[in-house]
Amino acid sequence: MNTKQIPISEMINIRVFYNKKSRAKYISHLDITRCMQRALKRAGLPIWYTEGFNPHIYLTFALPLSLGYESESESMDLRLVTEVPFEEVKDCLNRALPPDIRVTKVQLQKNKPDVIKTALYEITLKSDTVTGQVLKDCLDHMFSEEKIEVVKKTKKGNKMIDIKPDLEIQSIEVLDYAIHIELIASAGIEKNINPTLMTDELIGKYNLEDIQTSVMRKAIYDANGNEFE
């Protein structure tokens with residue numbers, strides 16, 4: 001490891017991509033922040049601390065993930081005070097992280113989080129009593145209507161919004177008692193649509209009972225459809 005310290009003026013952001021799956025989906029965003037801070041310390045990496053009155057690890061997350069969601073496209077930015085090969089950063093972090101959180105890639109930051117416009121989700125709806133074809137028919141009917149109006153909770157209270165313009169179904173796979181949906185949804189700072197708004201509306205609108213829902217975020221894109229890097 002190179003021990004030559006990098007001047008602050010030359011310090012650059014490093015982007016760490018990671019998966020969050022299985023039991024880790026129950027870790028909230030706030031706890032993920034704490035988890036990563038502890039992992040960085042355990043990994044022994046030369047991380048940069050802010051230099052204000054209360055110094056802390058410089059760490060930012062591009063697009064916080066909803067509790068209960070899995071993801072293959074999480075990222076966080078950090079800075080190192082000395083140069084460390086990216087593959088070594090990845091290995092050190094994986095040794096320090098829980099098994100359900102795995103670093104997949106480390107690279108220089110290429111885009112700022114404000115370029116994020118959409119995200120790709122894989123949604124699975126399954127049931128012991130409702131067939132996959134019935135689930136697909138209900139979904140098709142809901143999307144054939146002019147609007148999909150739902151109540152979204154905001155900091156200013158509940159708000160009725162039409163989410164149809166912000167959703168685009170890419171594919172639907174029908175199984176015996178389940179469907180897999182690939183869905184593009186608006187994401188980012190300007191507008192962020194949680195896919196649970198769609199699944200909750202579907203289940204409530206058609207009185208679907210005994211439905212289990214799982215969501216995996218597969219990728220994040222900019223306005224041109226390029227993957228966030």
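A quick note: this is a predicted structure, and the numbers were derived from the prediction, not measured.

A. Representation of the overall build of the protein chain within the structure. Across its full length, the protein chain carries four helices and 10 strands. In the protein chain, the succession of α and β elements from N to C terminus is β-α-β-β-α-β-β-α-β-β-β-β-α-β. Considered along the principal axes of its C-alpha atoms, the protein chain spans approximately 60 × 35 × 30 Å. Here the protein chain holds 229 residues, and 45% of them are scored as buried. Pairs at least 24 residues apart make up 75% of the contacts formed inside the protein chain by residues separated by at least 6 positions. Within the protein chain, one finds 31 positive and 34 negative side-chain charges whose respective centroids are separated by 7 Å.

B. Highlighting the confidence of the model for the protein chain. With 99% of its residues at a pLDDT of at least 70, the protein chain reaches an overall mean of 94. Here strand β6 (residues 149–154) is the element of the protein chain with the lowest mean pLDDT, 89, and strand β9 (residues 178–186) is the one with the highest, 98.

C. The arrangement of helix α3 (residues 132–144) in detail. If you check α3, its first and last C-alpha atoms are 18 Å apart, about what 13 residues at 1.5 Å a residue would give, namely 18 Å. Of the positions making up α3, those classed as buried are Gly-132, Leu-135, Cys-138, Leu-139, Met-142 and Phe-143. When α3 is viewed along its axis, its buried side chains cluster within an angular range of 130° and face the same direction. Looking at the packing, one finds that the buried side of α3 touches β5 (116–127), β8 (167–175), β9, α4 (195–205) and β10 (211–222).

D. Structural view of helix α2 (residues 86–96). If you check which residues of α2 are buried, you get Val-89, Cys-92, Leu-93, Asn-94 and Ala-96. Against the buried residues of α2 lie β1 (14–20), α1 (29–43), β3 (70–78) and β4 (101–108).

E. Local environment of the state of the cysteines. Within this structure, the stated rule accounts for zero disulfides. The cysteine Cys-92 is free of any disulfide, with Cys-35 supplying the nearest cysteine sulfur at 16 Å. The class for Cys-92 is buried, based on a relative accessible area of 10%.

F. Summary view of the nonpolar core. Grouped together as the largest cluster of nonpolar side chains are 35 residues, with contacts concentrated most on Ile-163 and Met-198. Every element with two or more residues in this core is listed here: β5, α3, β9, α4 and β10. When neighbours within four sequence positions are excluded, Ile-163 is seen to be in contact with Ile-148, Val-150, Ile-193, Leu-197 and Met-198. Counting residues in hydrophobic clusters, the runner-up holds 27 residues, among them Val-16, Ile-47, Phe-61 and Ile-101.

G. Representation of the pairing of β5 in the model. Examined bridge by bridge, β5 and β10 share 11 bridges and lie antiparallel to one another. Residue pairing for β10: Tyr-121 is matched across the bridge by Arg-217. Bridge count for β5 against β9 is nine bridges, and the pairing is antiparallel. Looking at the pairing, Tyr-121 lines up with Leu-183 of β9.

H. Examining the packing of aromatic side chains more closely. With the rule as written, the count across this model stands at two aromatic pairs. Judged by centre distance (6.2 Å) and plane angle (75°), the ring pair of Tyr-69 and Tyr-121 falls under edge-to-face. Of this pair, Tyr-69 sits in the loop between β2 (60–61) and β3 while Tyr-121 sits in strand β5, and the two are 52 residues apart along the sequence. Residue classification places Tyr-121 among the buried positions, given a relative accessible area of 3%. Between Lys-105 and the ring centre of Phe-17, over which it is positioned, the NZ or CZ distance is 4.8 Å.

What counts, and at which threshold
Residues numbered from 1 in each chain as written. Predicted model: local features only at pLDDT ≥ 70, side-chain atom pairs only at ≥ 80, totals over all residues. Heavy atoms only, no water. Helix = DSSP H or I, 4+ residues; strand = E, 2+ residues; numbered from the N terminus. Buried < 20%, exposed > 50% of the residue type's maximum accessible area, 1.4 Å probe, protein only. Contact = heavy atoms within 4.5 Å. Lys, Arg positive; Asp, Glu negative; His and termini not counted. Charge placed at Lys NZ, Arg CZ, Asp CG, Glu CD. pLDDT = per-residue confidence, 0-100. Expected span 1.5 Å × (residues − 1). Arc of directions from axis to C-beta. Disulfide = S-S within 2.5 Å. Core = buried A, V, L, I, M, F, W, Y, C linked by side-chain atoms within 4.5 Å. Pairing = 2+ DSSP bridges. Phe/Tyr/Trp six-rings, centres within 6.5 Å; stacked < 30°, edge-to-face > 60°. Lys NZ or Arg CZ within 6 Å of the ring centre and 35° of its normal.

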